[in-house]
Amino acid sequence: MLLALRDLGKTWLIKRTGERVSALESLTLDVHPGEFLILLGPSGCGKSTLLQIIAGLEAPSSGEIRFPAAGGNGKLTSMVFQDYALFPWRTVLGNIVFGPEVRGVSRGEREEKAQRLIDLVNLRGTEHRYPHELSGGMRQRVALARALANDPQILLFDEPLAALDAMTRRVLQDELLRIWGETGKTFVYVTHSLQEAVLLGSRIVLMTAHPGRIKRIVDVTLARPRHLTGRAEAEMLDQLDAELGEEVKRAMAL
Amino acid sequence: MTASHLRQIASVAGLLALWQLLIQTGRLSELFLPAPLSVLASMWDMTRSGELPWAVLVSLNRVVQGFVYGAAAGVFLGLLAGAVRWIEDVLDPWVAAVYPIPKSALFPLFLLWFGLGNASKIATIAIGVLFLVLVNTTTGVKSINPVLLKAARDLGATRLQVFTKVILPGALPNIFTGLRLGAGMALILVFITEIEATKAGLGFLLWEAFQLLDTRKVFAGVVTFGLLGVATTWLLQWLERVGCPWLQRST
């Protein structure tokens, strides 16, 4: 086991009204090495909050988060943000070396590493461009390479393809699967897209909204490569669609 | 050269020619409006005698010193106020109170405190520059997308590294806006502070010429101030291109 979440809870305080809103409630989950874990749920189900807690960017209000393999501490995760979060004043290369740079890796070493990652995510030739000179798909590749540069055990994805057009998204989904296979890293991937969950995941955590809880965990044993038009895939989509539909209705009724 | 350039040149050349003509035909008195060529001739004489270069040098010394002190303090305090809440709380009432005061109104006070020499003039210029740079720098820090700070922390940056590698470059475009406004303010203030209590500088030259009704010399001073303004604008634009290469539009 790579990461253990035990009875996690997170409440937000709405300052204006003094209300307490529960974003996550008694959430227990194990993340296994090398898996492609999907957190799937309607908006407001706390899946992004969960990701921030795993990343150490937010503290849980209750419960425990452990990385058993690492002896409990040391940062093992890197995040890929939905809106890329690239530094506009740094070139592609400058963005990718940011992590190693702040961790004191020598210039030669970090640039060599960046070159390897640039090859991995197919960005060769764009090293010296600024983010605003790239397409959305290319920006997300830079964000992925930047996250990989710290050599994390777990990569956290916060709806990374949500801002892209459908065709670019398809291409990048395949790229993600290839990189997942080549690097052997553990992916924890937040999405609200059923199709994406079925195409990518090796396990799908179906979440409920208000408060965010785990409704069901689905092992996806479908063979790869997967096609949304395949019979088994279609059946799984139907089933998830029904379950998620209920959740969305419930969330909107509140 | 485009048609737009041609029209711009024609506009300037045409008006100057008309102006020259009106005076040479005796329709306007040179006492009120000296001809362009007389102004040029007078600038040339003042340059050869060393009067104009010396005045420029004296004024530039005051402008540059005031600008550098004011800008450095403004950037430093502005970054801190933008990034650290309690520093903002400490500074905010002072900024709110002093920002709206015309900085020239502080000059008499500074004369009292720092004497008739350069110090009072430099202090007035520095204060004028400081507030413009400070306010713009703080705005720059606050306009940084918070997700960038998150990303930096996620990648392992310490608080100091977040400051130097995210907050500083993120605020840089606004800092340059502040510097440009500050440079304009510095030129205004150097003129005002050189009207009184000095015997050198471009402002002094201009004001003394006015009191002697030497209109040609007044014009020479005005034109020189204009040239200084253009030069500082160019210099700062160049600095911004070098400092913020990512802001250049791709063509």
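Cut-offs used in this document
- Residues numbered from 1 in each chain as written.
- Chains lettered and ligands numbered in written order.
- Predicted model: local features only at pLDDT ≥ 70, side-chain atom pairs only at ≥ 80, totals over all residues.
- Helix = DSSP H or I, 4+ residues; strand = E, 2+ residues; numbered from the N terminus.
- Rg over C-alpha atoms; globule rule 2.2 N^0.38 Å.
- Buried ≥ 20, exposed ≤ 12 C-beta atoms within 10 Å, placed from the backbone.
- Contact = placed C-beta atoms within 7 Å.
- Nonpolar A, V, L, I, M, F, W, Y, C, P; charged D, E, K, R; others polar.
- Axes fitted to C-alpha atoms, helices over the stretch in contact; angles between N-to-C directions.
- Parallel < 35°, antiparallel > 145°, perpendicular 65-115°, else oblique.
- Pairing = 2+ DSSP bridges.
- Domains from an automatic or database assignment.
- Core = buried A, V, L, I, M, F, W, Y, C linked by C-beta atoms within 7 Å.
- Arc of directions from axis to C-beta.
- pLDDT = per-residue confidence, 0-100.

Draft legend 1. Region of interest: the overall build of chain B. Per the secondary structure count, chain B includes ten helices and zero strands. Traced from its N-terminal end to its C-terminal end, chain B shows the element sequence α-α-α-α-α-α-α-α-α-α. For 251 residues, the compact-globule formula gives about 18 Å, and the C-alpha radius of gyration of chain B, at 23 Å, lies well above that figure. For chain B, the spread of C-alpha atoms along the three principal axes comes to 75 × 55 × 30 Å. Relative to its 251 residues, chain B shows a buried fraction of 34%. By sequence separation, contacts in chain B at least 24 residues apart represent 72% of the contacts at least 6 residues apart.

Draft legend 2. Here's a closer look at the overall build of chain A. A count of helical and extended segments in chain A gives eight helices and nine strands. Against the compact-globule benchmark of 18 Å for 254 residues, chain A has a radius of gyration of 19 Å, which places it among compact chains. Taken over the C-alpha atoms alone, chain A extends approximately 55 × 45 × 40 Å along its principal axes. The burial tally for chain A puts 44% of its 254 residues in the buried class. In chain A, once contacts between residues fewer than 6 apart in sequence are set aside, the share between residues at least 24 apart is 71%.

Draft legend 3. Quick peek at the interface of chain A and chain B. Each partner contributes to the interface: chain A provides 18 residues, whereas chain B provides 15 residues. Elements with a contribution of two residues or more to the side of chain A that touches chain B: β5 (77-80) and α3 (98-102) of chain A. Counting residues per element, the side of chain A that touches chain B draws most heavily on α3(A), which supplies three residues. Looking at the side of chain A that touches chain B, its residues break down into eleven nonpolar, three polar and four charged.

Draft legend 4. Representation of the packing of helix α2 (residues 36-49) of chain B against helix α3 (residues 51-83) of chain B. Residue and element names in this part refer to chain B. Taken N-terminus to C-terminus, the directions of α2 and α3 make an angle of 75 degrees; their axes are 4 Å apart at the nearest point. For the element pair α2 / α3, the angle class is roughly perpendicular. Contact with α2, carried on its side by Met-43, Met-46, Thr-47 and Ser-49, involves Glu-51, Leu-52 and Pro-53 of α3 and no other residues of that element. Per-class residue counts for the contact of α2 with α3 are four nonpolar, two polar and one charged.

Draft legend 5. Representation of the pairing of strand β6 (residues 154-158) of chain A within the structure. All names here are of chain A. Of all the five residues making up β6, five are buried; the element is thus mostly covered by neighbouring parts of the structure. Alternating residues of β6 divide into Ile-154, Leu-156 and Asp-158 and Leu-155 and Phe-157, and every residue in both groups is buried. Pairing of β5 with β6 involves four bridges; the strand directions are parallel. Within β6, the residue paired with Val-80 across the bridge is Phe-157. One ladder, built from five bridges, connects β6 with strand β7 (residues 186-191); its direction is parallel.

Draft legend 6. Summary view of the sheet that holds strand β2 (residues 19-31) of chain A. Residue and element names in this part refer to chain A. Taken together, the three strands give an open sheet; going across it, the order is β2-β1-β4, and neighbouring strands pair in antiparallel fashion. One side of each edge strand has no neighbouring strand; the edge strands of this open sheet are β2 and β4 (62-66). Each neighbouring strand pair of the sheet contributes to a mean axis angle of 25 degrees, computed without reference to strand direction. Strand direction decides the pairing type here: strand β1 (residues 3-14) and β2, joined by nine bridges, are antiparallel. Bridging from a neighbouring strand, Trp-12 pairs with Val-21 of β2.

Draft legend 7. Spotlight on the domain arrangement of chain A. All names here are of chain A. What the domain assignment lists for chain A is domain 1 (3-76 + 152-253) and domain 2 (88-151). Between the C-alpha centres of domain 1 and domain 2 the distance comes to 25 Å. Listed per partner, the contact involves twelve residues of domain 1 and nine residues of domain 2. No other element matches the six residues that helix α6 (residues 166-183) contributes to the side of domain 1 that touches domain 2.

Draft legend 8. Focus on the nonpolar core. In this structure, A:Ile96, A:Ala145, A:Leu156, A:Val188, A:Tyr189, B:Val129 and B:Ala186 are the most contacted members of the largest nonpolar core, which totals 112 residues. Considering each element in turn, this core owes the most residues, 13 residues, to helix α8 (residues 159-195) of chain B. The residues that make up this core include at least three from each of domain 1 (3-76 + 152-253) and domain 2 (88-151) of chain A. Excluding anything up to four places from it in sequence, A:Ala145 contacts A:Ile96, A:Leu117, A:Ile118, A:Leu120, A:Val121 and A:Leu123. By size, the runner-up hydrophobic cluster in this structure holds 13 residues, among which are B:Met46, B:Ala55, B:Val56 and B:Val58.

Draft legend 9. Summary view of the sheet that holds β6(A). Residue and element names in this part refer to chain A. Across the sheet, six strands lie side by side as β5-β6-β7-β3-β8-β9; this open sheet has mixed pairing. The sheet terminates laterally at β5 and β9 (213-219), the two strands that pair on one side only. Between one strand axis and the next, the sheet turns by 20 degrees as a mean value, whatever way the strands run. Relative to strand β8 (residues 203-208), strand β3 (residues 36-40) is paired through four bridges, and the arrangement is parallel. Of the residues in β8, the one forming a bridge with Leu-37 is Arg-203.

Draft legend 10. Molecular detail of helix α7 (residues 146-154) of chain B. All names here are of chain B. The complete set of buried residues in α7 reads Leu-148, Ala-151, Ala-152 and Asp-154. Along the long axis of α7, the arc covered by the buried residues comes to 160 degrees, so they all point the same way. Gly-156 lies just past α7 and shows a positive phi near 105 degrees.

Draft legend 11. The arrangement of the confidence of the model for chain B in detail. This prediction gives chain B a mean pLDDT of 93; 99% of its residues lie at or above 70. Confidence estimates for the predicted assembly give a pTM of 0.87 and an ipTM of 0.90.

Draft legend 12. Looking closely at the environment of A:Gly63. Residue and element names in this part refer to chain A. When you line up the elements, Gly-63 lands in strand β4. Residue class for Gly-63 comes out partly exposed when judged on the 17 C-beta atoms lying within 10 Å of it. Not counting chain neighbours up to four residues away, the residues in contact with Gly-63 comprise Arg-6, Asp-7, Leu-8 and Gly-9.

Draft legend 13. Focus on unusual backbone geometry. All names here are of chain A. The omega torsion of the bond from Arg-224 to Pro-225 falls at -5 degrees, within 30 degrees of zero and hence cis. Here Asp-7, not a glycine, exhibits a phi torsion of approximately 55 degrees, which is positive. Of note, Asp-7 is situated in strand β1.

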